[in-house]
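Residues per chain, in single letters:
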Amino acid sequence: MNNSGSADMLSSDWQELLAFDRAHLWHPYTSMTEPLPIYGVESAEGVRIRLADGRELIDGMASWWSVIHGYSHPRLIEALQDQAESLSHVMFGGLGHRPAVELGRRLVELTPAGLDKVFISDSGSVAVEVAMKMALQYHHGRNSSKHQFVTVRSGYHGDTFHAMSVCDPVTGMHHLFSEVLPRYHFAPRPESTFGGSWRSGELTPLRNLLAEHHGSLCALILEPIVQGAGGMRFYHPRYLQEARALCDEFDLLLICDEIATGFGRSGKLFASEHGSVSPDILCLGKALTGCMLSLAATLTTEVVAEMISSAEPGVFMHGPTFMANPLACRVAVESIDLLLESGWQQKVDDIERQLRQGLEPCRSLEQVADVRCLGAIGVVELHTPVNMATIQERFVERGVWIRPFGKLVYVMPPYCIGAADLDQLCRTLVEVVALEN
Ligand SMILES: *Cc1c(COP(=O)(O)O)cnc(C)c1O
C-alpha cells in the first residue's frame, strides 16, 4: 500500500479544487465558516479509497451503509453503461420500463411476506416520507382520525421534515425546528440488547402510550433491530415482535425503516427477519444500488394499497420527477443478483466473527464504555465524544477510513473485505481509540 503521500504532496490542481470546496460547498452537518479538513478523493476500487495526494485508505464505512460489493465493481459499471445507451430516464407517469419491473419483481420476492406493492423513489428520506403518507392515506381511506405517528427514542429516519419529526428529538435537535416540526409521540428506546437477556416489561411504556392515544395514532415507525445514526444500538428481536403485536391490537400500521439494514448488513437479508416480523410498510435505500446511484423504495401490502386506492382521491399522492430512474433500477437489479450469487451470508458471518475478535481489546481501555458487533457492523462506544479533528487525521495517517460521530467509533466495511484488510482496520481502530483522552 502506498501511504507515502501527505497533504503537502497535493498537486496545484487539487489545491485549487479543495480551496473552492472549502469556500463554496456544504458537506453533511458541517460549518461553512470553520469546516474540518476535507480529503480529496481521486478514485475508489474494491475496499480502497485513493486520496488526491496518492495515499490509499482501507474503507471501514461503506460510504454510510451503501457499499456492499466494493467500489467500482465491474458488473455494476457494465450494467450502468449498458442501460445508459438505451434508456437513461423517462417519466414514470404513463410510461414503464424493464429495469423497474425487474427490480420490483426482486423486491417483492425477497422482502418479508405480504409486501407486494412497490413505490420506487430517489432517496431514503423520501422513502420515509412516502411511507408516512401511505399510512395517513390508509387511515384517511377508513374515515378514521388517525393521523399521528409514534416512534421510539434513539431513532433516525432521515433529514426531510417529516422524517426528522420521528428522529430522536435530542440528537435530531427538534428544539431548533420546533416552529415547523409536528410533535409526535416517543416511547423509550428499546433497552434489551440483541443476544442479551430479555427484560420483561420492556414494552409497557409503549403499550400505555398506545392505550391512551391509539384513537389518533396511524403508525409506529422504527428501525428494526439496529438503530443506526441515532446511536448504533442493537436490540432484542422480541421487542420487534411485541411491537408488531401491539400495532395489531391498537390498529396501527407498522413501518420498518430498513434503509440502513437492508441487504444483509445485520446478518439477515432484512433485519426484520431476526424477529420473523412482516411490517405493513417497509423502507429501503442505501445499499439498494450497491452505492452506484441514489435510489430508494417503499413497499406495502395489498390491504394498504387497496384502501388508499378505494377512497377519495383514489390515488396515492406522490410522484417524483425521477421516480424509478432506469439507470438506478438497472444497477439495483444487478447489485441484488450479485449479492445473491456472492455467498453474502458466509461473508457477513465471517466479518462478524473477525470484528468480535478484533475489537475485543477495546473493552479493556478506560476510554471505552461498550463494544458490540452484529453482522458486518462493529461499534466501539466511548464515555465521551471523540475529538474529530485529531481522530480523523490519525486514522488517515494510518491508512484507514473510519469516521466516528460523537462517542461512537464504528466500522461497517464492504462485504468483500479480505481478512488482512479487516485485521488492519480493527487493529488501527484499537490503536487510535487508545490515544483518545
Ligand atoms: C440514511 C437513513 C435514512 C435517510 O436516507 P437518505 O438517503 O440519507 O435520505 C433513513 N432512515 C435510515 C434508517 C437511515 O439510515
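Quick caveat, the model's predicted, so the values are computed rather than measured.

Calculation criteria
- Residues numbered from 1 in each chain as written.
- Predicted model: local features only at pLDDT ≥ 70, side-chain atom pairs only at ≥ 80, totals over all residues.
- Heavy atoms only, no water.
- Buried < 20%, exposed > 50% of the residue type's maximum accessible area, 1.4 Å probe, protein only.
- Helix = DSSP H or I, 4+ residues; strand = E, 2+ residues; numbered from the N terminus.
- Pairing = 2+ DSSP bridges.
- Near = heavy atom within 4 Å.
- Polar contact = N/O pair within 3.5 Å; in protein donor to acceptor, adjacent residues only side chain to side chain.
- Areas by Shrake-Rupley, 256 points an atom, 1.4 Å probe, with all protein chains shown as cover.
- Nonpolar A, V, L, I, M, F, W, Y, C, P; charged D, E, K, R; others polar.
- Axes fitted to C-alpha atoms, helices over the stretch in contact; angles between N-to-C directions.
- Contact = heavy atoms within 4.5 Å.
- Core = buried A, V, L, I, M, F, W, Y, C linked by side-chain atoms within 4.5 Å.
- Domains from an automatic or database assignment.
- Buried area = accessible area lost by both parts, 1.4 Å probe.
- Salt bridge = Lys/Arg side-chain N within 4 Å of Asp/Glu carboxyl O.
- Arc of directions from axis to C-beta.
- Phe/Tyr/Trp six-rings, centres within 6.5 Å; stacked < 30°, edge-to-face > 60°.

**Focus: the pairing of strand 11 (residues 281–284)**
Side-chain alternation along strand 11 places I281 and C283 on one buried face and L282 and L284 on a second face that is also buried. Of the strand pairs in this sheet, strand 10 (residues 253–257) and strand 11 are connected by three bridges, and their pairing is parallel. The residue bridging C256 from the neighbouring strand is L282, located in strand 11. Pairing between strand 11 and strand 12 (residues 296–300): four bridges, direction antiparallel. When the sheet's bridge partners are listed, C283 is paired in strand 12 with T298.

**Regarding unusual backbone geometry**
In this model, E312 is joined to P313 through a cis peptide bond whose omega is 5°. Counting through the fold element by element, P313 comes out in the loop between helix 9 (302–310) and helix 10 (326–341). The phi dihedral of K286 falls on the positive side, at around 35°, and the residue is not glycine.

**A look at the sheet that holds strand 2 (residues 48–51)**
Adjacent strands of a sheet pair through backbone hydrogen bonds, lying either parallel or antiparallel. What the four strands build is an open sheet, ordered 1-2-3-15; its pairing is mixed. Unpaired on one side and paired on the other, strand 1 (41–45) and strand 15 (400–401) mark the two borders of the sheet.

**Some thoughts on the site of the ligand**
Looking at the ligand, the residues that line it are S123, G124, S125, Y156, H157, G158, E223, D257, I259, A260 and K286. At 2.6 Å, a side-chain N or O of S125 approaches an oxygen atom of the ligand. Within the side chain of K286, one N or O atom sits 2.6 Å away from an oxygen atom of the ligand. Compared with its free state, where it exposes 380 Å², the ligand has 82% of that area covered by protein. Taken together, the residues that form the shell around the ligand break down as three nonpolar, five polar and three charged.

**Some remarks on the sheet that holds strand 10**
Taken in spatial order, the seven strands of this open sheet run 4-12-11-10-7-5-6, and their pairing is mixed. Two strands in the sheet have a free side with no partner beyond their single neighbour: strand 4 (117–121) and strand 6 (185–187). With strand direction ignored, the average angle separating the axes of adjacent strands in the sheet is 20°. Lying on the sheet, helix 7 (residues 204–213) is in contact with strand 5 (148–152), strand 6 and strand 7 (217–222); it crosses strand 6 at an angle near 155°. Contacts from helix 9 reach strand 4, strand 10 and strand 12, with the element oriented near 90° to strand 12.

**Points about the nonpolar core**
Formed by 126 residues in total, the largest nonpolar core has its most connected members in L103, L206 and F263. Among residues more than four places away in sequence, those in contact with L103 are I120, L288, L295, C329, A332, V333 and I336.

**Details of the domain arrangement of the protein**
Interfaces are often sized by the accessible area lost when the parts come together. Looking at the assigned domains, one finds that the protein contains domain 1 (7–69 + 343–434) and domain 2 (77–341). Facing 27 residues of domain 1, the contacting portion of domain 2 comprises 27 residues. Of the roughly 2300 Å² buried where domain 1 meets domain 2, counting both sides, 67% is carbon and sulfur surface. It is W65, W344 and L374 in domain 1 that bury the most area against domain 2; as a group they hold 35% of the surface buried on that side. There are zero salt bridges connecting domain 1 and domain 2. If you list the elements that add at least two residues to the side of domain 1 that touches domain 2, you get helix 2 (62–65), helix 11 (344–359), strand 13 (368–374), strand 14 (377–382) and strand 16 (408–411). At four residues, helix 2 tops the list of elements feeding residues into the side of domain 1 that touches domain 2. Of the residues belonging to the side of domain 1 that touches domain 2, the class tally is 20 nonpolar, six polar and one charged.

**A word on helix 7**
Residues of helix 7 that are buried: L206, L209 and L210. All buried residues of helix 7 fall inside an arc of 95° around its axis, so they share one side. Those residues of helix 7 that are buried are in contact with strand 5, strand 6, strand 7 and helix 8 (237–249).

**Section: the environment of Q148**
By the secondary structure assignment, Q148 is in strand 5. Linking Q148 and G267, residues 119 residues apart in sequence, is a C-alpha distance of 33 Å. Apart from the residues lying within four places of it in its own chain, the contact partners of Q148 are R183, Y184, H185, S216, L217, C218 and A219.

**A look at the packing of aromatic side chains**
Within this structure, the stated rule accounts for seven aromatic pairs. Here the aromatic rings of F149 and Y184 are separated by 5.4 Å at their centres, their planes lie at 70°, and the arrangement is edge-to-face. Here F149 is found in strand 5, whereas its partner Y184 is found in the loop between helix 6 (161–165) and strand 6, with 35 residues between them in sequence. Comparing F149 with Y184 shows no difference in burial state: the two are buried. Plain terms: the ring middles of F405 and Y410 are 5.6 Å apart, the flat faces sit at 80° to each other, and that makes the pair edge-to-face. Judged by its relative accessible area of 29%, F405 is partly exposed.

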